[in-house]
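# Observations on the three-dimensional arrangement
The chain contents come next:
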Protein chains: 2
Amino acid sequence: MATAVTEALGTRRPGPELAALGARVAAALAVVLDRELRGTSDAVAGPVRYAVLGPGKRLRPLLLLAAWRAAGGEAGAAPTEGDPAAALACSVELVHAYSLVHDDLPCMDDDVLRRGRPTVHVRFGTPAAVLAGAGLMPMAARTVWRAAGALGLEPVRARRLLSILADAAGAGGMVGGQLLDLRAEGRATTREELERIHRGKTAALMAASVRMGAVAARAPEEVVERLGRFGVALGLAFQAVDDILDVTGEEAEIGKTSGRDVALGKATYPSVLGLEASEQVSRELAGLARRELAGLEDTRELELLAELVVERRR
Amino acid sequence: MATAVTEALGTRRPGPELAALGARVAAALAVVLDRELRGTSDAVAGPVRYAVLGPGKRLRPLLLLAAWRAAGGEAGAAPTEGDPAAALACSVELVHAYSLVHDDLPCMDDDVLRRGRPTVHVRFGTPAAVLAGAGLMPMAARTVWRAAGALGLEPVRARRLLSILADAAGAGGMVGGQLLDLRAEGRATTREELERIHRGKTAALMAASVRMGAVAARAPEEVVERLGRFGVALGLAFQAVDDILDVTGEEAEIGKTSGRDVALGKATYPSVLGLEASEQVSRELAGLARRELAGLEDTRELELLAELVVERRR
């Protein structure tokens with residue numbers, strides 16, 4: 001598994017801690033999909049599995065699990081069937097997978113390559129891609145619900161988990177950010193406008209992931225908020241690196257069409273700040289993120305993830 | 001309001017009972033959208049409002065509210081702020097609005113007219129339509145949650161409501177049905193295949209609506225199941241009428257492009273059974289639905305809705 005995570009991130013750094021978390025996410029994802037797709041026809045299940053099970057970095061579920069552990073969740077967990085914390089982590093990957101499928105559609109970014117493979121609409125047709133994407137949202141809600149029950153969480157916390165995820169996915173978060181992103185194409189943009197787009201498009205779901213981990217661990221509100229700020233800063237850093245890789249990365253390495261942002265006239269860190277300043281900003285943001293971790297108990301995995309976000313090559 | 005509901009249904013029949021329910025749904029929908037879209041930019045809020053607030057029949061929320069009353073919910077409700085049962089009813093309309101937006105997309109049925117107005121992608125562009133549609137799903141989940149809290153429902157019932165809606169919306173329900181529907185285009189289909197498509201595409205959400213009303217009223221399981229069967233039969237009857245109107249209806253009256261099913265080679269009741277047998281089937285299904293109501297307390301509104309479904313002209 002160390003190899004799988006290493007390869008996905010395009011670096012040699014992750015080490016055994018993240019590899020162990022990665023293995024838990026991979027196992028839970030298989031279980032969640034089997035359960036959710038039981039009894040559905042191949043026409044539906046095929047594109048959904050393809051969308052979710054591609055060789056992704058699984059950064060968001062890793063963040064959720066790492067935050068859960070940093071906030072003491074692992075220590076306080078009663079022994080249960082399966083791995084409910086990892087199942088909860090899958091919910092954010094389902095929402096992320098939805099966003100990738102819809103981002104790539106012909107009427108959106110019109111992209112043919114993702115995670116080193118043909119995009120879902122290229123492989124299964126556009127209608128199947130639209131519907132598979134939309135089907136992932138209720139699946140994510142069910143997954144949160146069920147995992148919250150399996151973790152023995154109080155209803156108020158289960159409800160909080162669902163609110164955090166729905167807010168991040170909805171008009172105020174990811175969906176809003178995607179729309180602002182499309183509207184900004186071909187227009188000059190300030191750093192403030194850019195970060196408003198990226199906050200919604202990317203940082204909202206990453207921040208939701210770590211906040212959900214903290215809530216599931218029954219962390220005090222102050223810790224939930226602090227991890228939320230960690231997530232926002234890390235999400236912006238992630239997006240800065242993404243923007244940089246689109247300019248400097250090789251297609252075979254990054255697993256998606258390179259130069260796509262430039263071709264579409266997207267608002268990106270390099271287009272607004274230039275390449276060098278963007279690299280500087282990504283490092284600053286990751287540093288900002290790491291400083292939020294001070295005082296928390298075991299933040300080794302979150303620190304490793306913050307490091308990987310900046311140093312990744314795909 | 002009697003006039004608004006009458007006009008929406010294209011008949012003179014509904015009477016004061018349904019008009020009162022319709023007024024509650026309209027008021028609650030305005031409140032839910034205001035709350036959900038607070039703080040989001042016009043770029044996001046515009047297409048969402050347009051998608052939801054068109055002159056629709058509101059059949060699904062009416063079914064939910066009517067089932068809630070038939071199962072004794074109104075009698076047992078404690079006085080609360082606002083109208084939480086009507087707010088809950090809005091959740092199914094949000095999911096329905098999502099399905100219409102996505103159904104009409106250029107990559108799906110490619111339709112330009114809906115509810116007598118240009119479709120969302122014609123008015124706001126395809127990317128905004130895809131995203132507005134997707135944003136309606138988390139909005140619906142949040143609406144269920146909040147309404148369940150306001151109704152003072154036990155967590156297990158709140159959870160059940162969310163499961164019912166997510167199942168109806170997801171791969172096993174509506175999304176699956178839409179995909180089967182697209183796959184069946186241009187192919188001969190049996191009545192069994194046709195009803196499998198319609199069960200998912202249309203009947204799942206109608207059945208979910210009445211089941212949710214019953215669960216919210218704390219009805220015994222037997223009543224929830226019986227109303228579920230009512231909803232499935234009514235949903236199939238509704239779809240049969242829809243298919244018939246596509247052939248026989250005037251565009252100005254039905255508010256959407258007529259002859260669209262035939263043009264797309266869709267699997268419909270008339271294409272499989274012929275027009276006359278389809279009319280017969282729609283009446284039989286509505287009768288089947290009504291028989292499930294025997295023994296329930298106050299089913300006047302559900303019976304009126306069943307009548308309207310068959311006699312509607314749009």
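Rules behind the numbers
- Residues numbered from 1 in each chain as written.
- Chains lettered and ligands numbered in written order.
- Predicted model: local features only at pLDDT ≥ 70, side-chain atom pairs only at ≥ 80, totals over all residues.
- Heavy atoms only, no water.
- Contact = heavy atoms within 4.5 Å.
- Buried area = accessible area lost by both parts, 1.4 Å probe.
- Salt bridge = Lys/Arg side-chain N within 4 Å of Asp/Glu carboxyl O.
- Polar contact = N/O pair within 3.5 Å; in protein donor to acceptor, adjacent residues only side chain to side chain.
- Helix = DSSP H or I, 4+ residues; strand = E, 2+ residues; numbered from the N terminus.
- 1 Å grid on protein atoms, 1.4 Å probe; cavity = no way out; pocket = protein on both sides within 12 Å on 5 of 7 lines; lining within 4 Å.
- Points joined across faces, edges and corners; volume = space filled by probe spheres on them.
- Nonpolar A, V, L, I, M, F, W, Y, C, P; charged D, E, K, R; others polar.
- Phe/Tyr/Trp six-rings, centres within 6.5 Å; stacked < 30°, edge-to-face > 60°.
- Lys NZ or Arg CZ within 6 Å of the ring centre and 35° of its normal.

Attention shifts here to the interface of chain A and chain B. In this assembly, 40 residues from chain A lie in contact with 39 residues from chain B. In total, chain A and chain B occlude about 3600 Å² of area from one another, counting both sides; carbon and sulfur atoms represent 79% of this. Sorting the residues of chain A by area buried against chain B places Leu 131, Trp 145 and Arg 159 of chain A first, and these three jointly supply 19% of that buried surface. Run the count over chain A and chain B and you get two salt bridges. A salt bridge links Asp 167 of chain B to Arg 142 of chain A; its shortest N-O distance comes to 2.9 Å. Counting across the chain A and chain B interface gives four residue pairs in polar contact (both at pLDDT 80 or more).

For residues other than glycine, phi is negative in most cases, and the peptide bonds are mostly trans. Residues and elements named next belong to chain A. Backbone geometry at Asp 110 places phi at a positive 50°, although glycine is not the residue there. Relative to the helices and strands, Asp 110 is located in the loop between α6 (84-104) and β1 (113-114). One non-glycine residue with positive phi stands out, namely Arg 218, at about 60°. Position of Arg 218 among the secondary structure elements: in the loop between α11 (191-216) and α12 (221-248).

Within this structure, the stated rule accounts for eight cavities of 30 Å³ or more. By volume, the largest cavity is sized at about 200 Å³. In terms of lining, the largest cavity is formed by 18 residues, of which the most central are Met 137 and Ala 141 of chain A together with Met 137, Pro 138 and Ala 141 of chain B. Tallied by class, the residues present in the lining of the largest cavity amount to 18 nonpolar, no polar and no charged. Empty space within the second largest cavity amounts to approximately 130 Å³. What lines the second largest cavity is a set of 15 residues, among which Val 101, Asp 104, Arg 114, Thr 119 and Val 120 of chain A lie closest to the centre. Where the lining of the second largest cavity is concerned, the elements lending two or more residues are α3 (42-53), α6, β2 (117-118) and α7 (120-124) of chain A. Here the lining of the second largest cavity is built from residues that sort into nine nonpolar, two polar and four charged.

Taken as a whole and assessed by the stated rule, the structure comprises three aromatic pairs over all chains. Look at Tyr 50 of chain A and Phe 124 of chain A: their rings are 5.3 Å apart centre to centre, the planes differ by 70°, and that puts the pair in the edge-to-face class. Of this pair, Tyr 50 of chain A sits in helix α3 while Phe 124 of chain A sits in helix α7, and the two are 74 residues apart along the sequence. Geometry around Phe 124 of chain A places Arg 123 of chain A over its ring, the cationic atom sitting 4.7 Å from the centre. Its guanidinium or amino end placed over the ring of Phe 238 of chain B, Arg 312 of chain B lies 3.7 Å from that ring's centre, counting from NZ or CZ.

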